[in-house]
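Examination of the molecular architecture
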Amino acid sequence: MTAPPIDPTRLLAAELGERPREVFRHLVDAYLTSGEPVGSRTLSQRLPLSLSPASIRNVMADLEALGLLYAPHTSAGRVPTEKGLRLFVDGLLEIGELAPGERAAIEARVRDQNRGIEDVLTQATLMLSGLSRCAGLVVAAKQDMTLKHVEFVSVAPDKALVVIVSEDGQVENRVIDTPPGLPASALAEASNYLSARLRGRTLESARAEIIAQLEGERAELDRLTAKFVTEGLATLASQSGSAAEDKILIVRGASHLLETMEAQSDLERVRTLFDDIERKNDLIRLLELAGQGDGVRIFIGSENRLFSLSGSSIIAAPYANAAGKIVGVIGVLGPTRLNYARIIPMVDHTAKVVGRLLA
């Protein structure tokens, strides 16, 4: 049997002696609380060990040589590097329990049977944003629309615009290819044919039945029109199942990120972060990585290309439907100086509540 790969971060945490481990853990705790570089005098007041500031400075120098700390400017204080934060999160973090009031707030906000799932997810992101003072976000599969009307409009000799109107008033426009030689009258016939059969149903539920009917109703539609309807249905179905387009991204509370600004450089990082959020497809793919395993996933800073400049972290957890299939990911986006011990169980519990609701 092949031995499991050794996690270098956990190995490093195990190799640190008691003194450097305690110094490092308390330094990161102090930094996550204050956001300021931590000096030896501050640590001497926090440490349970009896160490002089000079001894603490020597330990901090050793930790800096390991790439776990760095000095942001000429002061004596140190802050953790991204490598140091990863070591802390994976090997030294003591995750706390949610307060009963926080658990109750999450469940009350999410468990509303009178709302649609998208509204529930929006409320969940708002709630996570409010409790964490960061941005809450969720990626979920689009819900199939119940259709009211379908219309094909010619936009080029070989292209048609499909206008899809749902029962709740949503409108989607898609461009599809048309067969060579298709007359304009065929678009009207196809529109009437599909609207009559799709009204009140989803595309997925009606597609197989319509294709089966076409096989026996060639006389009702001429050959080119029937071919167009069949190919059009296949195209629409494939488009609705594409990776990024088949997902919705909900982001709430991004303004909280401005609260963490402490210098002009922070403002530039937040601006970069807002640009990152606008890159919807990249953010969706990042969150989908969190859905590839069980439990909470944490992405810190430049570990992911999307946040290599803005210096941000994501804490995210997947949620599943009644069949146990992972259908979405919910989480928190904020600076790398997050309160990981508090936010990790918060995200985990919210994902479980959403999953139970779907089940």
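Above this text sits the structure in question.
Bear in mind that the values here come from a model prediction, so they are computed numbers and not experimental data. (Residues numbered from 1 in each chain as written. Predicted model: local features only at pLDDT ≥ 70, side-chain atom pairs only at ≥ 80, totals over all residues. Heavy atoms only, no water.)

**Here's the deal with the nonpolar core**
What counts, and what does not: Take the buried residues of types Ala, Val, Leu, Ile, Met, Phe, Trp, Tyr and Cys, join any two whose side-chain atoms come within 4.5 Å, and each joined set is a nonpolar core. A simple rule labels every residue: compare its accessible area, found with a 1.4 Å probe on the protein chains alone, to the largest value its type can have, and call it buried under 20%, exposed over 50%, or partly exposed in between. Here a strand is any run of E in DSSP of at least two residues, a helix any run of H or I of at least four, and the numbering for each starts at the N terminus. Contacts are assigned to residue pairs that have any heavy atoms within 4.5 Å of one another.
Ranked by internal contacts, the top residues of the largest apolar core, which has 56 residues, are Val23, Phe24, Val110 and Tyr340. Sort the elements by how many residues they give to this core and helix α13 (residues 340-358) lands first, with 10 residues. Those residues in contact with Phe24, other than ones at most four positions away along the chain, are Leu63, Leu68, Leu69, Gly84, Leu87, Phe88 and Leu92. Formed by 17 residues, the second largest nonpolar core is a distinct cluster that contains Leu147, Leu198, Ala206 and Ile210.

**With respect to helix α2 (residues 18-34)**
Just so we agree on the cut-off: Here the expected length of a helix is defined as 1.5 Å per residue gap, with one fewer gap than residues.
Its 17 residues place the ends of α2 24 Å apart at the C-alpha level, agreeing with the 24 Å of an ideal helix rising 1.5 Å per residue. Among the residues making up α2, those that are buried are Glu22, Val23, Phe24, Arg25, His26, Leu27, Val28, Ala30, Tyr31 and Leu32. In this structure, the buried residues of α2 make contact with α3 (40-46), α4 (53-65), β1 (69-70), β2 (79-80), α5 (82-92) and α13. Following α2 by one or two positions, Gly35 adopts a phi angle in the positive range, close to 80°.

**Topic: the environment of Arg103**
Which entries qualify depends on this criterion: Counted as a polar contact is a pair of N or O atoms within 3.5 Å, where, for protein atoms, one must be capable of donating a hydrogen and the other of accepting one, and residues adjacent in sequence contribute only when both atoms are in side chains.
Along the chain, Arg103 falls in helix α6 (residues 100-110). Considering only alpha carbons, one finds Arg103 and Pro345, 242 residues apart in sequence, at a separation of 10.0 Å. Every residue in contact with Arg103, bar those within four places of it in the chain, is listed here: Glu97, Leu98 and His349. Within the structure, the side chain of Arg103 is placed 3.3 Å from the side chain of His349, a separation counted as a polar contact.

**Remarks on the sheet that holds strand β8 (residues 297-300)**
Put simply, the rule reads: Note on pairing: DSSP must find at least two bridges between two strands before they are called paired. Angles shown run from 0 to 180 degrees and are taken between the N-to-C directions of axes, each axis being a line fitted to C-alpha atoms and, for helices, limited to the stretch in contact.
The 5 strands lie next to each other as β7-β3-β10-β9-β8, forming an open sheet whose pairing is antiparallel. In this open sheet, the two edge strands, each paired with only one partner strand, are β7 (247-252) and β8. When strand polarity is set aside, the average angle formed by the axes of neighbouring strands in this sheet is 20°. Direction of pairing for strand β9 (residues 312-320) relative to strand β10 (residues 326-335): antiparallel, over a ladder of 9 bridges. Each residue of the ladder has a partner; that of Ile314, found in β10, is Leu333. Its contacts with the sheet place helix α7 (residues 117-132) against β3 (135-141), β7, β9 and β10, and it is angled at close to 35° to β7. The sheet strands contacting α13 are β8, β9 and β10, and the helix crosses β9 at an angle near 25°.

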